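# Structural characterization, general
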Amino acid sequence: MFPAPIQKLISHFQKLPGIGPRQAAKFAMRLTKMTDSELKFMAQDISTLKSFVGECKECFMLFDKPNSGILLCQFCRNPERDKNKICVVVNDNDALSIEKTKNFDGVYHVLGGHVSLLDKEENRNLNLIGLKNRIKKETEVILALNANAEGQATIMYLEKFLEGLNHKTSRLAQGMSTGSEIEYADDQTLINALKHRR
Ligand SMILES: [Zn+2]
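One structure accompanies this document, and this report is about it. Here the structure is a predicted model, which is why all the values come from computation and not from measurement.

This paragraph deals with the environment of Asn67. If you trace the backbone, Asn67 turns up in the loop between strand E2 (62–64) and helix H4 (74–77). Spatially, the C-alpha atoms of Asn67 and Gln14 are 31 Å apart, while their sequence positions differ by 53 residues.

Here is the structure:
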């Protein structure tokens, strides 16, 4: 049995996605090798995290929150961005990958996960209603989802879910090889997939 303080850390780390007891123990042991000031800064950053990170009330993306009065992310706040072009992504990472290409001038919508066709209960945690509320007739919805089974299931669901709400729903062209993920696609592949969306 590990000493109690280590055991406590292990149970904290196990709350992270994909971290099992062995990995969690490794992290906890590694912390014991760090200096007091390193640990202090880490603890400080964790404890103040929620005060300085906001979730955009429009697109659900996380953003730097200098003060509590700001409710929108840098994209939704920016008057230069085309609010009639909404790029739907699974997570913040995918939005940032698309943003990095500098080839998209619209705004994003973070679903928070893939739509499950089997487990309806799980879909409750997704930002689906928020998406519906943002869409007007003139909105183009771009479904930027991965070219794998989960992504395709989500596309199928969303096309039905949004039916009749807007004039145009497009998806990224399948320039990316089947099974590839937006997060790992190179910039040129993403630029082509955006340009040839249909
Ligand atoms: Zn936003």
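The next thing to look at is the packing of aromatic side chains. Across all of its chains, the model carries 4 aromatic pairs by this definition. With centroids separated by 5.4 Å and ring planes inclined at 70°, the aromatic side chains of Phe75 and Tyr108 adopt a geometry described as edge-to-face. You can see Phe75 sitting in helix H4 and its partner Tyr108 sitting in strand E4 (residues 106–110), a full 33 residues away along the chain. There is no split in this pair, since Phe75 and Tyr108 are both buried. A ring pair is formed by Phe104 and Tyr108, whose centres lie 5.3 Å apart and whose planes are at 55°; its orientation type is tilted. We classify Phe104 as buried; its relative accessible area is 7%. Through pairs of rings, three or more aromatic residues link up here, namely Phe75, Phe104 and Tyr108. Just above the ring of Phe161 sits the side chain of Lys132; from NZ or CZ to the centre is 4.2 Å.

Each value, and the rule that gives it
- Within each chain, residues carry numbers counting from 1 in the order of the written sequence.
- For this predicted model, a pLDDT threshold of at least 70 governs which residues receive local features, and a threshold of 80 or more governs which side-chain atom pairs are given and counted, while totals over whole chains, interfaces and linings are taken from all residues.
- To get the side-chain values, all heavy atoms of the structure are used, and hydrogens and water are removed first.
- Secondary structure elements are defined from DSSP: runs of H or I of at least 4 residues count as helices, runs of E of at least 2 residues count as strands, and each element is numbered from the N terminus.
- Here a pair means two rings of Phe, Tyr or Trp (six-membered ring of Trp) with centres within 6.5 Å. Their orientation is stacked below 30 degrees between planes, edge-to-face above 60, and tilted elsewhere.
- Throughout, exposure labels follow a simple rule: accessible area from a 1.4 Å probe, protein chains only, divided by the maximum for the residue type, with under 20% read as buried, over 50% as exposed, and the rest as partly exposed.
- Sitting over a ring, as applied to charges here, requires NZ of Lys or CZ of Arg to be within 6 Å of the ring centre and within 35 degrees of the ring normal.

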